[in-house]
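Chain residues, written in single-letter form:
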Amino acid sequence: MSRSTQVDDVVDANHVLFDEGIVDAFGHVSVRCENDASRFLMARNLAPSRVTPADILEFHVASGEPVTSAASRPYLERFIHSEIYRARPDVMAVVHSHSPAALPFAIARGGARRFVPVCHMAGFLGGVDHESVPSFEIRDQAGGASDLLIRSRELGAALALTLGERRLVLMRGHGCTVVGPSLPVAVFRAVYTEVNAKLLLQTLPLGEIEALTAGEADATRITNEGQAARPWDLWREQARRKRGLLAG
Ligand code: MN
């Protein structure tokens, strides 16, 4: 995959995540460079729905800093991305958002334990007999008066440590971060994190829920992510049409 294809893909991912209500003026998505695993691509400090190819910067995984020193202002929370890429060689894409329906599970005490997959599209969360989704408590690192942002390498490293080998980490009072082995899969997981959260919030008032078992979670994840191109192609086409890049 060429660099310009990866740039176009990460631009499209920004628009798709906005269209799907995962990001608003805030949140960001990155992709690791296919031809250089020590670098990744992400927009400059800009609302996702305004991102164009000219806004994509290249960053060093090692430092989280832009490769070009005169580069435009980067996102404050770029260290979420750099430190996860540093800790997880398998990760090719990262989405950080304030995914609105997922946030209650990052606010309620013990909320992460209740964030279990309840529909077959969310098997990537791991089933009830897997360990629960991890939740990052920034107070453990930054004390009780931080702005909750991952604004340093140290905080990024602590977040990556909490993520561990998982696919999603909730961030207390802030949002969540999702990773994937490709950009389409990371976007898919970000969208279905939000879908699963909405389903849970709608179902919890009805009483006890029936979550996926670990076996069901693994099986559904493999099936769904084997066809991640299907939603990606749809969402990207819609996003390009909205931007007037496609007729109709
Ligand atoms: Mn944030």
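Our subject in this report is the structure included herewith. (Residues numbered from 1 in each chain as written. Predicted model: local features only at pLDDT ≥ 70, side-chain atom pairs only at ≥ 80, totals over all residues. Heavy atoms only, no water.)

**Here we look at the overall build of the protein chain**
Note the cut-off: Starting at the N terminus, helices and strands are each numbered in turn, a helix being any DSSP run of H or I of at least four residues and a strand any DSSP run of E of at least two. Throughout this description, buried means an accessible area under 20% of the type-specific maximum (1.4 Å probe, protein chains only), exposed means over 50%, and partly exposed covers the range between. In what follows, residue pairs with any heavy atoms lying within 4.5 Å of each other are defined as contacts. Computed with the Shrake-Rupley method and a 1.4 Å probe, the accessible areas treat only the protein chains shown as cover for residues.
Along the backbone of the protein chain there are seven helices and seven strands. Element order for the protein chain, N to C, with α for helix and β for strand: α-β-β-β-α-β-β-α-α-β-β-α-α-α. Expressed as lengths along the three principal axes of its C-alpha atoms, the size of the protein chain is roughly 55 × 50 × 30 Å. The burial tally for the protein chain puts 51% of its 248 residues in the buried class. Taking the intrachain contacts of the protein chain between residues at least 6 apart in sequence as the baseline, contacts between residues at least 24 apart amount to 67%. By element, 52% of the accessible surface of the protein chain is carried by carbon and sulfur atoms, the whole surface being about 11,300 Å².

**Observations concerning the coordination of the manganese ion**
The following threshold applies: A 2.8 Å cut-off from the metal defines N, O and S donors, relaxed to 3.2 Å for Na, K and Ca; water is not in the atom list, so some sites may appear incomplete.
Taken together, the protein ligands of the manganese ion are Glu77 (OE), His96 (NE2), His98 (NE2) and His174 (NE2), with distances of 2.1 to 2.3 Å. Here the donor residues of the manganese ion are spaced in sequence according to E-x18-H-x1-H-x75-H.

**Here we look at the packing of aromatic side chains**
Just so we agree on the cut-off: Under the pairing criterion, centres of Phe, Tyr and Trp rings, with the six-membered ring standing for Trp, must be within 6.5 Å; the plane angle then separates stacked pairs below 30 degrees from edge-to-face pairs above 60, leaving the rest tilted.
Applying the stated rule across the entire model yields five aromatic pairs. Consider the rings of Phe105 and Phe115, whose centres lie 5.0 Å apart with planes at 45°: the pair is tilted. Of this pair, Phe105 sits in the loop between strand E4 (93-97) and strand E5 (135-136) while Phe115 sits in the loop between E4 and E5, and the two are 10 residues apart along the sequence. Relative to Tyr192, the ring of Phe188 has its centre 4.8 Å away and its plane inclined at 40°; by these criteria the two rings are tilted. Of this pair, Phe188 and Tyr192 both sit in helix H5 (residues 183-203), four residues apart, which is roughly one turn of the helix. Neither Phe188 nor Tyr192 differs from the other in exposure class; each is buried. Members of the aromatic cluster, each reached through a chain of ring pairs, are Phe40, Phe59 and Tyr85.

**Quick word on the nonpolar core**
Using the following cut-off: Residues enter a nonpolar core if they are buried and are Ala, Val, Leu, Ile, Met, Phe, Trp, Tyr or Cys, with the set joined through side-chain atoms within 4.5 Å.
Counting 70 residues, the largest nonpolar core has Phe115, Ile150, Leu170, Leu183 and Val187 as its most contacted members. In terms of residue count, H5 provides more of this core than any other element does, nine residues in total. Excluding anything up to four places from it in sequence, Leu183 contacts Asp9, Val10, Ala13, Val29, Ser30, Val31, Ala93 and Trp232.

**As for the side chain of Glu83**
Counting through the fold element by element, Glu83 comes out in helix H2 (residues 78-87). Leaving out residues up to four positions away in the same chain, Glu83 has contacts with Ala62, Arg153, Gly156, Ala157 and Ala160.

**Concerning the pattern of salt bridges**
Pairing is possible between side chains that carry opposite charge, provided their charged atoms lie close to one another. Which entries qualify depends on this criterion: Salt bridge, as used here: a side-chain nitrogen of Lys or Arg that lies within 4 Å of a carboxyl oxygen of Asp or Glu.
Across all of its chains, the model carries 19 salt bridges by this definition. Where Asp233 meets Arg236, a salt bridge forms, and the shortest distance between an N and an O atom there is 3.6 Å. With Asp233 and Arg236 both in helix H7 (residues 229-242) and three residues apart, the pair spans about one turn of that helix.

**Structural notes on H5**
This is how the line gets drawn: An expected span of 1.5 Å times one less than the residue number is assigned to each helix. A 3.5 Å cut-off defines polar contacts: any pair of N or O atoms within that distance qualifies, except that in protein one atom must be a possible hydrogen donor and the other a possible acceptor, and neighbouring residues in sequence count only when both atoms are side-chain atoms.
Taking 1.5 Å of rise per residue, the 21 residues of H5 would be expected to cover 30 Å, and the 30 Å separating its terminal C-alpha atoms lies within 8% of that figure. Among the residues of H5, the N-terminal cap falls to Ser182, whose side-chain oxygen and the backbone nitrogen of Val185 are separated by 3.2 Å.

**Some points on the sheet that holds E5**
Rules: By definition, two strands form a pair when at least two bridges between them are found by DSSP. Only the stretch in contact is used when a helix axis is fitted, and all axes are lines through C-alpha atoms; the angle between N-to-C directions ranges over 0 to 180 degrees.
The sheet built from seven strands is open, its strands ordered E3-E2-E1-E4-E7-E6-E5 with mixed pairing. Since the sheet does not close on itself, it has two edges, and those belong to strand E3 (56-60) and E5, each with one partner. As paired strands, strand E6 (residues 168-171) and strand E7 (residues 175-180) are joined by four bridges and run antiparallel to one another. Bridged to Met171 within E7 is Gly175. The strands touched by H5 within the sheet are strand E1 (28-32), E4, E6 and E7, with E7 carrying the most contacts at an inclination of about 145°.

**Details of the pairing of E3**
Remember that side chains alternate between the two faces of the sheet whenever the strand is regular. Across the five residues of E3, four count as buried, placing the element largely inside the fold. As paired elements, strand E2 (residues 39-43) and E3 share five bridges and run antiparallel to each other. In the sheet register, Phe40 faces E3, and the bridge partner there is Phe59.

**Examining the packing of H5 against H7**
Stated formally: Each angle gets one of four labels, with under 35 degrees taken as roughly parallel, over 145 as roughly antiparallel, 65 to 115 as roughly perpendicular, and the rest as oblique.
Packing of H5 against H7 leaves a shortest axis separation of 9 Å and a crossing angle of 85°. It follows that H5 is roughly perpendicular to H7 by the angle criterion. Every residue of H7 that contacts H5 at Leu183, Pro184, Val187, Phe188, Val191 and Tyr192 is listed here: Pro231, Trp232 and Trp235.

That's the geometry; what it means functionally is another story.
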